[in-house]
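Next come the chains, spelled out residue by residue.
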Amino acid sequence: MDRVVVLDGGFSTQLAVHVGKHIDGDPLWSARFNATNPNAVYKTHLDFLEAGADYIMTNTYQASVEGYMEFLDLSEDAGLQLIKSTVKLAHKARARYLAENNVREVPLIVASIGPYGAHLNDGSEYTGDYADYVSPDTIQKWHRNRIDACLEVGVDVLGIETIPCKMEAEAMLELMTEEYPTVKFWMSFQCKDVGHIARGENFAETAIHLWERARQLENDNLIAVGVNCVHPSFVTPLLKAVNENRPPADRIPLIVYPNSGEVYSVETGWFGKESCIPLESYVPKWIELGARFIGGCCRTNARDIKRIKQTVESLQPGSLKAL
């Protein structure tokens with residue numbers, strides 16, 4: 001069995017430990033702190049590394065040139081430079097972690113590539129409604145400059161995440177295949193229930209189609225498909241629908257990093273913490289269903305990642321399999 005990679009957790013959740021502020025609701029979300037408090041971003045990466053994360057994701061999910069121009073009054077070039085400096089913070093944290101710890105495996109840096117809808121500030125990253133009026137070419141053009149900025153500084157993987165619609169996923173697969181033929185990446189979807197991605201397409205059919213289409217295109221750089229920013233109770237049926245009936249040798253490598261189980265309301269914020277089931281309790285079943293990358297998203301912190309890492313190591317001790 002392939003080794004399981006442990007990802008980091010909800011960046012804004014852990015970042016709040018260092019900035020002491022309410023981050024949700026800001027149009028730039030955690031990406032504002034790349035400009036206003038980069039040391040807190042650096043410390044957040046260190047928190048996750050020290051908790052045992054094998055991969056850390058750059059704080060670029062909500063970072064876009066358009067967003068920085070509108071909400072920080074930066075020029076286009078200054079916005080791109082801020083994205084590059086943000087990636088450098090992950091490098092800085094990894095360098096310090098490696099200098100202070102004797103580790104067998106060097107943690108990898110993943111560029112967080114959030115969906116087109118994330119910069120619209122209208123909630124459409126959780127509906128995919130823009131698929132009705134935005135073309136695949138526009139989607140690709142919008143993503144391209146952030147991807148180029150991250151790759152210029154240097155990342156090991158692109159995490160194309162919280163994708164709400166099949167159209168954007170297909171556009172991104174085409175972009176990666178044609179313009180970034182040597183770059184490894186994953187694709188994870190935002191799902192609204194136990195069977196469908198946010199836009200309404202069937203998750204299993206979409207994930208299988210994406211995986212098989214990549215193989216048709218002879219693109220071996222898609223390392224996993226899966227889900228993120230979903231309620232953890234959704235995950236098992238979603239993964240089961242993809243892999244349960246596939247023979248072991250033909251199982252698709254899956255990625256999962258759900259929310260804590262809390263629910264968000266615009267009026268009241270996050271609630272339901274007292275009823276959350278610890279994420280690590282789900283991990284054995286997710287691994288059984290083919291999850292090879294496991295972490296956390298909103299409202300998960302470094303302590304959650306530490307417990308996930310301990311669970312993974314108890315199930316399959318030993319070094320990780322490299323990409």
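Up top you'll find the structure we're talking about.
Because the structure is predicted, anything quoted here is derived from the model rather than measured. (Residues numbered from 1 in each chain as written. Predicted model: local features only at pLDDT ≥ 70, side-chain atom pairs only at ≥ 80, totals over all residues. Heavy atoms only, no water.)

## Quick look at the packing of helix α6 (residues 136-153) against helix α7 (residues 166-179)
For the record, the criterion: Axis lines are fitted to C-alpha atoms, over the contacting stretch for helices. Their N-to-C directions set the angle, which ranges from 0 to 180 degrees. Numbering goes from the N terminus for both helices and strands, where a helix is a DSSP run of H or I of at least four residues and a strand is a run of E of at least two. Should an angle fall under 35 degrees it is called roughly parallel, over 145 degrees roughly antiparallel, and 65 to 115 degrees roughly perpendicular, with every other angle called oblique. Each crossing is labelled by how the near helix is turned from the far one, with a counterclockwise turn of less than a right angle marking it left-handed and a clockwise turn marking it right-handed. Contacts between residues were defined by any pair of non-hydrogen atoms, one from each residue, lying within 4.5 Å. In the scheme used here, Gly and all other residues not listed as nonpolar or charged are polar, with Ala, Val, Leu, Ile, Met, Phe, Trp, Tyr, Cys and Pro taken as nonpolar and Asp, Glu, Lys and Arg as charged.
At a closest axis distance of 9 Å, the pairing of α6 and α7 adopts a crossing angle of 55°. Considering the angle they form, α6 stands oblique to α7. In this structure, α6 crosses over α7, and the sense of that crossing is right-handed. Contact residues: P136, I139, Q140, H143, R144 and I147 in α6; M167, E168, A171, M172, E174, L175, M176 and E179 in α7. Considering only residue class, the contact of α6 with α7 consists of eight nonpolar, two polar and four charged.

## Observations concerning the environment of D304
Among the structural elements, D304 can be located in helix α11 (residues 302-315). Measuring from C-alpha to C-alpha, the distance between D304 and G195 comes to 26 Å, with 109 residues separating the pair along the chain.

## A few points about the sheet that holds strand β1 (residues 5-6)
Here is the rule we go by: Pairing between two strands requires that DSSP report at least two bridges joining them.
Ordered in space as β1-β10-β7-β6-β5-β4-β3-β2, the eight strands form an open sheet in which the pairing is parallel. Lying at the two open borders of the sheet, with one neighbouring strand each, are β1 and β2 (55-57). Here α6 sits on the sheet in contact with β3 (108-113) and β4 (157-163), set at roughly 165° to β3.

## Quick word on the packing of helix α1 (residues 11-19) against helix α3 (residues 38-51)
Running from N to C, α1 and α3 point in directions that differ by 120°, and their axes come no closer than 9 Å. Taken as axis vectors, α1 and α3 run oblique relative to one another. The hand of the α1/α3 crossing is right-handed. On the side of α1, the interface is formed by F11, Q14, L15, H18 and V19, while α3 contributes A40, V41, K43, T44, H45, D47 and F48. Grouping the constituent residues of the contact of α1 with α3 by class yields six nonpolar, four polar and two charged.

## A word on empty space enclosed by the protein
Rule in force here: Both cavities and pockets are sets of points on a 1 Å grid over the protein atoms alone; in a cavity a 1.4 Å probe fits but cannot get out, in a pocket the set is open with protein on both sides within 12 Å along at least five of seven lines, and lining residues sit with an atom within 4 Å of a point. Grid points are joined across faces, edges and corners, and a volume is the space filled by probe spheres set on the points.
What the rule picks out here adds up to two cavities of 30 Å³ or more. Estimates place the volume of the largest cavity at around 250 Å³. Lining the largest cavity are 22 residues, and of these F11, W29, Y61, E161 and C297 sit closest to its centre. Sorting the residues of the lining of the largest cavity by element identifies α1 and β4 as the ones contributing at least two each. Its residues assigned to classes, the lining of the largest cavity comprises nine nonpolar, 11 polar and two charged.

## Here we look at α1
Formally: To sort residues, take the accessible area from a 1.4 Å probe on protein chains only and compare it with the maximum for the residue type: under 20% means buried, over 50% means exposed, and anything in between is partly exposed.
For α1, the complete set of buried residues consists of F11, S12, T13, Q14, L15 and V19. Where α1 is buried, its residues meet α2 (33-36), α3, β2 and α11. Immediately downstream of α1, the backbone of G20 shows phi near 60°, a positive value.

## Things to note about the nonpolar core
Applicable threshold: Buried Ala, Val, Leu, Ile, Met, Phe, Trp, Tyr and Cys residues form a nonpolar core when they are joined through side-chain atoms within 4.5 Å.
Formed by 107 residues in total, the largest nonpolar core has its most connected members in L158, W186 and M187. It is helix α5 (residues 76-100) that provides the largest number of residues to this core, a total of eight residues. Sequence-distant contacts of M187, defined by excluding residues within four places in its chain, comprise I160, I163, A169, M172, L173, L210, L222, A224, V225, G226 and I255.

## Some thoughts on unusual backbone geometry
Non-glycine residue E218 carries a positive phi angle of around 60°. Among the secondary structure elements, E218 is positioned in the loop between α8 (203-216) and β6 (222-228). Look at E218 and you get exposed, because its relative accessible area is 71%. For C229, which is not a glycine, the phi torsion comes out positive at approximately 55°. Secondary-structure assignment places C229 in the loop between β6 and α9 (232-243). Take C229: its relative accessible area is 7%, and that puts it in the buried class.

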